[in-house]
Amino acid sequence: SRSKGVDEEFRLGITPLDGALVIGLGGYSGHRGLDKESSPAVNTASRTDLLAAYKAAGLTVGLEWFSADKWNDVLTPSTSPTTKSDGTSVFASYDFPGTDYSVFTRFDTVKPLKDTDSSQKDQYFNLGFAWKSNKNLTWAVAYKSDKVTDNLKLGNTSDDLKTDEFGIWAQV
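Right, let's walk through the structure included here. The structure displayed is predicted, hence computed values, not measured ones. (Residues numbered from 1 in each chain as written. Predicted model: local features only at pLDDT ≥ 70, side-chain atom pairs only at ≥ 80, totals over all residues. Heavy atoms only, no water.)

1. Quick notes on the overall build of the chain
When helices and strands are counted, the chain shows zero helices and nine strands. Going residue by residue from the N terminus, the α and β elements of the chain occur as β-β-β-β-β-β-β-β-β. Here the chain holds 172 residues, and the buried ones make up 23% of them. Within the chain, contacts between residues at least 6 apart in sequence are counted, and of these 44% link residues at least 24 apart. Only carbon and sulfur atoms are counted for the fraction: they give 58% of the accessible area of the chain, which is about 11100 Å². (Helix = DSSP H or I, 4+ residues; strand = E, 2+ residues; numbered from the N terminus. Buried < 20%, exposed > 50% of the residue type's maximum accessible area, 1.4 Å probe, protein only. Contact = heavy atoms within 4.5 Å. Areas by Shrake-Rupley, 256 points an atom, 1.4 Å probe, with all protein chains shown as cover.)

This is the structure in structure tokens:
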């Protein structure tokens, strides 16, 4: 079924140093497409994002931050406690000069239930190698790791949930 309303989202990006510095700001307000005739939304989710990245001589490094309110509580009755969440991300990549090869990494840390279960934390990490086989296709081999701590409230049998994976990905 279709959503009953329109969500609002914006992004603004500037490059004040001739492309070497990128600064971004984003925002969202709405019901995440969950406001339907059969199950109306009772809360409005909101999110703010900030990004700063520096790019020069093949190297890109950056930092991203977000804060969200009621993101997973759009359909939760208004008498229930709602949650705030926030997180940061640090990322980097390097394009080897004169080649089609690059390396990349990223580390995220998120507090998904910041005000109702502040001990819960999600940490994500990836590291990889990419190559452009042609102008329309990029391949990557990467390692990804995700660990959620203090998640017994989610119905898991262990307080820590950790996943590790290796893989090959393609981007068209």
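Next comes the rest of the account.
2. Topic: a nonpolar patch on the surface
On the surface, Phe-10, Leu-12, Ile-14, Ile-23, Leu-25, Leu-50 and Trp-65 cluster together into a nonpolar patch covering about 600 Å² of accessible area. Of all the elements in the fold, those that place two or more residues in the nonpolar patch are strand 1 (8-14) and strand 2 (21-30). Ranked by residues supplied to the nonpolar patch, first place goes to strand 1 with three residues. Positionally, Ile-23 belongs in strand 2. By relative accessible area, which is 35% here, Ile-23 ends up partly exposed. (Patch = residues over 30% accessible without salt bridge, like charges linked within 9 Å, V, L, I, M, F, W, Y side chains within 5 Å. Salt bridge = Lys/Arg side-chain N within 4 Å of Asp/Glu carboxyl O.)

3. Side note on the environment of Gly-19
Along the chain, Gly-19 falls in the loop between strand 1 and strand 2. For the pair Gly-19 and Ala-56, spaced 37 residues apart in the sequence, the C-alpha separation amounts to 8.6 Å.

4. A closer look at the pairing of strand 5 (residues 84-95)
When strand 4 (residues 59-69) meets strand 5, the two strands line up antiparallel, connected through 11 bridges. Its bridge partner being in strand 5, Ser-67 is matched across the sheet by Asp-86. Note that strand 5 and strand 6 (residues 101-111) share 10 bridges and pair antiparallel. The residue of strand 6 that forms the bridge with Ala-92 is Thr-105. (Pairing = 2+ DSSP bridges.)

5. Details of the sheet that holds strand 4
Pairing is antiparallel across the open sheet formed by nine strands, whose spatial order is 1-2-3-4-5-6-7-8-9. At either margin of the open sheet sits one strand with a lone partner, and together these are strand 1 and strand 9 (160-171). Within this sheet the neighbouring strands show an average axis-to-axis angle of 10 degrees, counted without direction. In the sheet, strand 6 pairs with strand 7 (residues 121-134) via 10 bridges, with the strands oriented antiparallel. Each bridged residue has a counterpart across the sheet, and for Val-110 the counterpart in strand 7 is Asp-122. (Axes fitted to C-alpha atoms, helices over the stretch in contact; angles between N-to-C directions.)

6. What to know about the pattern of salt bridges
What the rule picks out here adds up to seven salt bridges. Measuring nitrogen to oxygen at the nearest pair gives 3.7 Å for the salt bridge that ties Glu-64 to Arg-106. Highlighted residues: Glu-64 in strand 4 and Arg-106 in strand 6, separated in sequence by 42 residues. For Glu-165, the salt bridge goes to Lys-144, with nearest N and O atoms at 4.0 Å. In this pair, Glu-165 sits in strand 9 while Lys-144 sits in strand 8 (residues 137-149), placing the two residues 21 residues apart along the sequence. Given the relative accessible area of 38%, Glu-165 is considered partly exposed. Residues joined by salt bridges that share partners form a network here, namely Glu-64, Arg-106 and Asp-108.

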